[in-house]
Amino acid sequence: MARISTNGRQGRALLAGLGLLVLMGLGVALWLARAGPTVRVGEVTIDPRAPINPERTYRLILWEENVVLSGAGTTYRTFLEDRVEAFREVHPNVTVEFQLLPPGEAVNRLEGALASGRPPDVYGSLSPRLFDRNYQVPVDAFLPRARDGEPHFLPAAWEALTADGQVWGWPRWIRFITWAGRRSLLAGTGLDVDQAAQEGWTFPQALASLAQAGGGQMPGLLVHPQEPELVRSLMAAGGHGLMLQEGSLAWSQDAIEEVAAFLVAARQQTRMPRNLEAAARERVARFLQGRVGVITPVRPELAAHLLRTVPREELVLLPPPRPEGSPFHVPADLAAYLVFRQTPYQGDDQTRLAMELARFLIQSKDAWVSSQFPAVPALLSDQALWQREAPWPEATSQALLRWAEAAVTPSLDPDEAAVLRQMDDQVLAPWLARLWDEEAPSAWAAGLYQALLDQVPEPGG
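S.K.: Mind laying out the overall build of the protein chain, listing which residues take part and the relevant values?
M.R.: Tallying secondary structure elements over the protein chain gives 17 helices and 17 strands in all. With respect to the three principal axes, the spread of C-alpha positions in the protein chain is 110 × 50 × 45 Å. Here the protein chain holds 461 residues, and the buried ones make up 52% of them. Element-wise, carbon and sulfur atoms account for 51% of the exposed surface of the protein chain, whose accessible area totals about 21000 Å².

S.K.: How would you sum up the nonpolar core? Please name residues and give values.
M.R.: Ranked by internal contacts, the top residues of the largest apolar core, which has 151 residues, are Trp170, Phe176 and Tyr337. Sort the elements by how many residues they give to this core and helix 9 (residues 253–269) lands first, with nine residues.

S.K.: Outline the packing of helix 2 (residues 76–90) against helix 12 (residues 348–361), listing residues and values.
M.R.: Following both chains from N to C, one finds helix 2 and helix 12 inclined at 130°, their axes separated by 10 Å at the closest point. Taken together, helix 2 and helix 12 sit at an angle that is classed as oblique. Considering the relative orientation of helix 2 and helix 12, their crossing is right-handed. In this structure, helix 2 contributes Leu80, Arg83, Ala86, Phe87 and Val90 to the contact, and helix 12 contributes Leu353, Glu356, Leu357, Phe360 and Leu361. The residue inventory of the contact of helix 2 with helix 12, partitioned by class, reads eight nonpolar, no polar and two charged.

S.K.: Pulling in residues and values, what's your account of the pairing of strand 13 (residues 294–298)?
M.R.: Summarising burial for strand 13: five of the five residues are buried, a large majority. Pairing analysis gives three bridges linking strand 9 (residues 178–182) to strand 13, with the strands arranged antiparallel. Across the sheet, the residue bridging to threonine 178 is valine 298, located in strand 13. Here three bridges tie strand 10 (residues 221–223) to strand 13, and the two strands are oriented parallel to one another. For leucine 221, the partnering residue across the bridge sits in strand 13 and is valine 294.

S.K.: Explain the pattern of salt bridges residue by residue, including any values.
M.R.: Throughout the structure, instances matching the rule amount to 15 salt bridges. Its salt-bridge partner being glutamate 229, residue arginine 299 comes within 3.9 Å of it at the nearest N-O pair. A residue pair is termed long-range when its members are at least 10 positions apart, and arginine 299 in the loop between strand 13 and helix 11 (300–309) and glutamate 229 in helix 8 (residues 228–237) qualify at 70 residues. Taking relative accessible area as the criterion, glutamate 229 reaches 6% and is therefore assigned buried. A salt bridge links glutamate 356 to arginine 359; its shortest N-O distance comes to 3.2 Å. With glutamate 356 and arginine 359 both in helix 12, this residue pair falls three residues apart, about one helical turn.

S.K.: Before we move on, can you summarise the packing of aromatic side chains with the specific residues and values?
M.R.: Under the definition given, this model contains twelve aromatic pairs. Summarising the aromatic geometry, the rings of phenylalanine 153 and tryptophan 158 are spaced 5.1 Å apart at their centres and angled 5° between planes, so their arrangement reads as stacked. Accessibility expressed as a relative area gives 4% for phenylalanine 153, which makes it buried. Taken together through their ring pairs, the aromatic side chains of Trp179, Trp201, Phe203 and Phe262 make up a single cluster. A cation over an aromatic ring shows up here: arginine 175 above the ring of phenylalanine 373, its NZ or CZ 5.0 Å from the ring centre.

S.K.: How would you sum up the layout of surface pockets? Please name residues and give values.
M.R.: Within this model, the largest pocket holds a volume of roughly 1100 Å³. Every residue lining the largest pocket is counted, 43 residues in all, and those nearest its centre are Ser127, Arg129, Arg232, Asp333 and Pro410. Mapped onto the lining of the largest pocket, the elements with two or more residues apiece are helix 3 (103–116), helix 8, helix 11, strand 15 (330–339) and helix 16 (414–435). Of all the elements, helix 16 adds the most residues to the lining of the largest pocket, at nine residues.

S.K.: Help me get a handle on the side chain of aspartate 382, residues and values and all.
M.R.: With respect to the helices and strands, aspartate 382 occurs in the loop between strand 16 (375–377) and helix 14 (383–389). Buried within the structure, aspartate 382 lacks any salt-bridge partner; arginine 83 is the closest side chain of opposite charge, at an N-O distance of 7.6 Å. The residues touching aspartate 382, leaving out its near neighbours within four places in the chain, are Ile362, Gln363, Ser364, Ala367 and Pro377.

S.K.: So what's going on with a negative patch on the surface? Residues and values would help.
M.R.: A grouping of Glu81, Asp82, Glu85 and Glu89 is seen on the molecular surface, where their side chains present a negatively charged patch. Mapped onto the elements of the fold, aspartate 82 is located in helix 2.

S.K.: Please set out helix 10 (residues 276–288) residue by residue, giving values where relevant.
M.R.: Relative to the 18 Å expected for 13 residues at 1.5 Å per residue, helix 10 spans 18 Å between its end C-alpha atoms, a close match to the ideal helical length. Remark: the principal bend of helix 10, roughly 55°, maps to glutamate 282. Taken together, the buried positions of helix 10 are occupied by Leu276, Ala278, Ala279, Ala280, Arg283, Arg286 and Phe287. Near the N-terminus of helix 10, the side chain that reaches the backbone nitrogen of glutamate 277, with its oxygen 3.2 Å away, is that of asparagine 275. Count one or two residues on from helix 10 and you reach glycine 290, which has phi positive near 75°.

S.K.: Can you explain the sheet that holds strand 14 (residues 315–318)? Please cite residues and give values.
M.R.: Taken in spatial order, the four strands of this open sheet run 10-13-9-14, and their pairing is mixed. Each edge of the open sheet carries a strand with a single partner, namely strand 10 and strand 14. Averaged over all pairs of adjacent strands, the angle between their axes in this sheet comes to 25°, without regard to strand direction. Against the sheet, helix 11 makes contact with strand 9, strand 13 and strand 14, and its axis sits at roughly 140° relative to strand 13, the strand it touches most.

S.K.: Which residues make up the pairing of strand 9, and what are the values?
M.R.: In terms of residue burial, strand 9 counts as a mostly covered element, since five of its five residues are buried. Side chains of strand 9 alternate between two faces, with Thr178, Ala180 and Arg182 and Trp179 and Gly181 buried alike. As paired strands, strand 9 and strand 14 are joined by four bridges and run antiparallel to one another. Bridging from a neighbouring strand, tryptophan 179 pairs with leucine 318 of strand 14.

Parameters at a glance
- Residues numbered from 1 in each chain as written.
- Predicted model: local features only at pLDDT ≥ 70, side-chain atom pairs only at ≥ 80, totals over all residues.
- Heavy atoms only, no water.
- Helix = DSSP H or I, 4+ residues; strand = E, 2+ residues; numbered from the N terminus.
- Buried < 20%, exposed > 50% of the residue type's maximum accessible area, 1.4 Å probe, protein only.
- Areas by Shrake-Rupley, 256 points an atom, 1.4 Å probe, with all protein chains shown as cover.
- Core = buried A, V, L, I, M, F, W, Y, C linked by side-chain atoms within 4.5 Å.
- Axes fitted to C-alpha atoms, helices over the stretch in contact; angles between N-to-C directions.
- Parallel < 35°, antiparallel > 145°, perpendicular 65-115°, else oblique.
- Left-handed = near helix turned anticlockwise from the far one by under 90°.
- Contact = heavy atoms within 4.5 Å.
- Nonpolar A, V, L, I, M, F, W, Y, C, P; charged D, E, K, R; others polar.
- Pairing = 2+ DSSP bridges.
- Salt bridge = Lys/Arg side-chain N within 4 Å of Asp/Glu carboxyl O.
- Phe/Tyr/Trp six-rings, centres within 6.5 Å; stacked < 30°, edge-to-face > 60°.
- Lys NZ or Arg CZ within 6 Å of the ring centre and 35° of its normal.
- 1 Å grid on protein atoms, 1.4 Å probe; cavity = no way out; pocket = protein on both sides within 12 Å on 5 of 7 lines; lining within 4 Å.
- Points joined across faces, edges and corners; volume = space filled by probe spheres on them.
- Lys, Arg positive; Asp, Glu negative; His and termini not counted.
- Patch = residues over 30% accessible without salt bridge, like charges linked within 9 Å, V, L, I, M, F, W, Y side chains within 5 Å.
- Charge placed at Lys NZ, Arg CZ, Asp CG, Glu CD.
- Expected span 1.5 Å × (residues − 1).
- Bend = angle between axes of the 7 residues up to and from the residue.
- Polar contact = N/O pair within 3.5 Å; in protein donor to acceptor, adjacent residues only side chain to side chain.

Okay, here's the thing in structure tokens:
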């Protein structure tokens, strides 16, 4: 009996011990659930839920690539001053010091600041990159939980900022590189202009329509003959958006030849003037005067100007045409806010405040900025505001929303961006100058393909 009694005491003790372990495990699990995941950036581990100290005075540095708001009735500086002041009303213990910089100068300054370990807290970029893993803070852990699993952002915008399973910026809006046409001059050419705007058009459709623009009595198409964006946008429309992938040339010779053949045919069939350089300088004036059917490439700033100077129902924005049988793709740029830490580290609360500033800046009023261009706000909840503010017809809004689903954006890799700039200047521009008198697109495509291949750095180089 004594043996049984002893075993009973041991059993109860064992059960009590197990119960204590279970309670401890539950406690740890609850603590972890409250604490949430941490973020590792360089040598620093960051708690995304760090409390902000209401007694501390914070100083945030904001750098922005300047946005030109032509014809919008205000400057971007004035707009940003108002937004920063609105943020300070919510966080009165925070001072925000901001600088507006030209995009090229801003990137150079950012790279220098990263080299010294002192980047700004927040950087507003018109061409976001994953600049430095030791200092750039991924944002997904700071995103509020979505209700019912619904996304906060346009999937294309979120994916464009994703690398290695993390999101490296707060998306603002997607802007498009377009073709611009005059509806009255394309009428009667057999092209359903609204359908082409919504769903895209093919090389054969474009050639047939542009050859008949204005009754065939004027140029159907004017281009900038040495603008690399002309080729890049057509390659993107054909599903070959990234020239480089993981350091290797992703464009195929066959795809280049298809684009070259289209451009040569357009030169021959759409009444382009003999002197393409002079016509390129005059293409916007001719378009405003109704003396050309379509012009390209049209960057967002030029499109914003056209939206304010061409009658509302006359202007139609078209995606670049694509080869027959290719899926629908539209070349685009993404704007985003990037967040950085510094050396020495300023604290988890400082990083969280920087995230709060970036998140505040992308909301509501920022949709008004995107409405000044052919652009779509990345934040889904702001699309109704964007549609109310936009200076274009409802059909254009619907087309842009469709384009946003098919947007092709640049790589996040800053090294690839540097190589692409070099390829634009040293390869695409001079080779484009040779194309317009070329009668054998296949030979031109072979030469361009090899010239591009020669610019790709050696592995590890």
